[in-house]
2 protein chains.
Amino acid sequence: MATSDPARPGFQLPLLLLAGFRTLIDDLHAELARQGHPELRPLHGFVLQAVGVHGTTATELGQRLGISKQAAGKTVDRLVAVGYLERVYDPSDARRRLVRVTEHGADGLRRSAETFDRLREQWAEALGEERVAALEDDLRTMASANWFRLDVPGWFGG
Amino acid sequence: MATSDPARPGFQLPLLLLAGFRTLIDDLHAELARQGHPELRPLHGFVLQAVGVHGTTATELGQRLGISKQAAGKTVDRLVAVGYLERVYDPSDARRRLVRVTEHGADGLRRSAETFDRLREQWAEALGEERVAALEDDLRTMASANWFRLDVPGWFGG
DNA sequence: GTAAGATGGTCAACGTGGTTGACGAAATAG
DNA sequence: CTATTTCGTCAACCACGTTGACCATCTTAC
């Protein structure tokens with residue numbers, strides 16, 4: 001069945017994009033594990049980023065990530081358990097539980113940023129800065145703004 | 001905390017690669033849903049592809065995908081339940097259960113290939129064929145060959 | 001030819017990341 | 001003061017992965 005041969009032109013593009021992404025993420029987490037963050041998983045970076053400097057609530061976090069407030073709450077539970085997030089009471093609203101990044105979480109975020117910068121430099125050394133920049137430009141043109149939604153069944157659970 | 005600002009250079013590259021991938025996959029599955037395959041999930045395409053024309057066993061499928069034979073077996077169960085795969089007995093070895101792509105599965109695979117080809121053409125129309133080809137070349141240079149492993153905890157469960 | 005080992009499939013228990021529905025407590029609107 | 005909305009959580013469930021244990025079968029060695 002040549003019609004679904006992986007060598008077919010159309011197949012290459014998504015596979016290569018995934019491969020590039022996975023390579024960066026795997027390299028990042030190998031480095032983070034070395035730097036004292038072996039617990040940090042790929043998803044956690046998104047969540048920490050979405051919580052942000054000012055903190056949020058589980059409901060708002062869910063909205064930012066495009067998942068339900070219940071899923072956001074459970075994810076926060078796990079990140080709290082490994083020390084990356086903390087929950088505090090909101091004195092101005094007894095229903096709300098503010099979610100904040102801990103110092104340990106901020107450290108992970110800082111090291112992630114530094115490592116990503118270094119990885120991008122490696123790509124620029126191998127391909128040339130112009131080609132990396134062109135690659136980013138082209139992807140900015142083609143990539144939808146909905147990429148950050150995690151709610152596709154079959155990707156991250158259903 | 002400017003150190004983890006999403007606008008930082010290093011952050012853009014992985015995000016854009018993911019966005020590009022997600023865009024292609026989301027477009028593909030929107031089209032597949034229109035063409036009679038609303039059940040087909042992103043993961044399923046990998047699995048059908050890994051089963052291949054000649055069929056396999058769950059154990060071998062697990063090795064190809066980099067997951068345990070038990071996980072492969074459960075995934076096959078689900079694909080059998082929605083009609084994309086079938087299990088047959090191997091007359092030459094009573095332990096083995098051959099896994100084969102059904103006609104419905106082959107149809108999904110064919111339509112996936114056609115849709116991916118069409119999406120690549122759309123990228124070539126928007127960016128120019130040379131830039132898409134350059135993008136692919138660059139990713140081939142940088143992307144690790146281990147992309148297809150699904151066993152990273154925190155990506156696909158784990 | 002039989003005993004020993006390797007292999008294939010499945011069951012069970014569990015972990016992570018999602019879903020929906022229900023519900024109490026607290027804030028807000030009328 | 002009552003009605004409604006909002007926040008968080010509980011419970012049940014699904015998809016996708018893990019390890020460990022186990023039986024049945026095929027293969028190998030003696």
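Residues numbered from 1 in each chain as written. Chains lettered and ligands numbered in written order. Predicted model: local features only at pLDDT ≥ 70, side-chain atom pairs only at ≥ 80, totals over all residues. Heavy atoms only, no water.

Colleague: What is the right way to look at the overall build of chain A in this model?
Modeller: Scanning chain A from terminus to terminus reveals 6 helices and 2 strands. Each helix (α) and strand (β) of chain A, taken in turn from the N terminus, gives the series α-α-α-α-β-β-α-α. Here chain A holds 158 residues, and the buried ones make up 48% of them. For chain A, contacts bridging at least 24 residues in sequence account for 48% of all contacts bridging at least 6. Here chain A displays about 7600 Å² of accessible surface, and carbon together with sulfur accounts for 52% of that area. (Helix = DSSP H or I, 4+ residues; strand = E, 2+ residues; numbered from the N terminus. Buried < 20%, exposed > 50% of the residue type's maximum accessible area, 1.4 Å probe, protein only. Contact = heavy atoms within 4.5 Å. Areas by Shrake-Rupley, 256 points an atom, 1.4 Å probe, with all protein chains shown as cover.)

Colleague: Please explain the relation of the copies chain B and chain A as it appears in this structure.
Modeller: Take chain B, turn it by 180°, move it 0.0 Å along the axis, and it overlays chain A with an RMSD of 0.1 Å. What we have between these two chains is a two-fold relation. Counting the interface residues of chain B, we find that 98% of their copies in chain A are interface residues as well, pointing to one common contact surface. (Least-squares fit on C-alpha atoms with pLDDT ≥ 70 in both.)

Colleague: Can you help me understand the packing of helix α1 (residues 9-34) of chain A against helix α5 (residues 103-127) of chain A in this one?
Modeller: For any two helices packed against each other, the geometry is given by the interaxial angle and the distance between the axes. Residue and element names in this part refer to chain A. Relative to each other, α1 and α5 sit at 130°, their axes nearing to 10 Å. On the basis of the axis angle, α1 is oblique to α5. The element α1 and its partner α5 pack so that their crossing is right-handed. Residues G20, L24, I25, D27, L28, E31 and L32 of α1 pack against G108, R111, S112, T115, F116, R118, L119 and W123 of α5. Of the residues assigned to the contact of α1 with α5, the class counts are 7 nonpolar, 4 polar and 4 charged. (Axes fitted to C-alpha atoms, helices over the stretch in contact; angles between N-to-C directions. Parallel < 35°, antiparallel > 145°, perpendicular 65-115°, else oblique. Left-handed = near helix turned anticlockwise from the far one by under 90°. Nonpolar A, V, L, I, M, F, W, Y, C, P; charged D, E, K, R; others polar.)

Colleague: What should I look at first to understand the interface of chain B and chain A in this one?
Modeller: You'll often see interface size given as the accessible area lost when the parts meet. Listed per partner, the contact involves 60 residues of chain B and 59 residues of chain A. Both faces combined, the contact of chain B with chain A buries some 6400 Å², and carbon together with sulfur accounts for 73% of it. Notably, a salt bridge pairs B:R131 with A:D138, separated by 2.8 Å at the nearest N-O pair. Seen at the junction of chain B and chain A, the total is 4 residue pairs in polar contact (both at pLDDT 80 or more). For the side of chain B that touches chain A, the secondary-structure elements that each account for two or more residues are α1 (9-34), α2 (42-51), α5 (103-127) and α6 (129-142) of chain B. Considering every element that reaches the side of chain B that touches chain A, the biggest residue donor is α1(B), with 18 residues. (Buried area = accessible area lost by both parts, 1.4 Å probe. Salt bridge = Lys/Arg side-chain N within 4 Å of Asp/Glu carboxyl O. Polar contact = N/O pair within 3.5 Å; in protein donor to acceptor, adjacent residues only side chain to side chain.)

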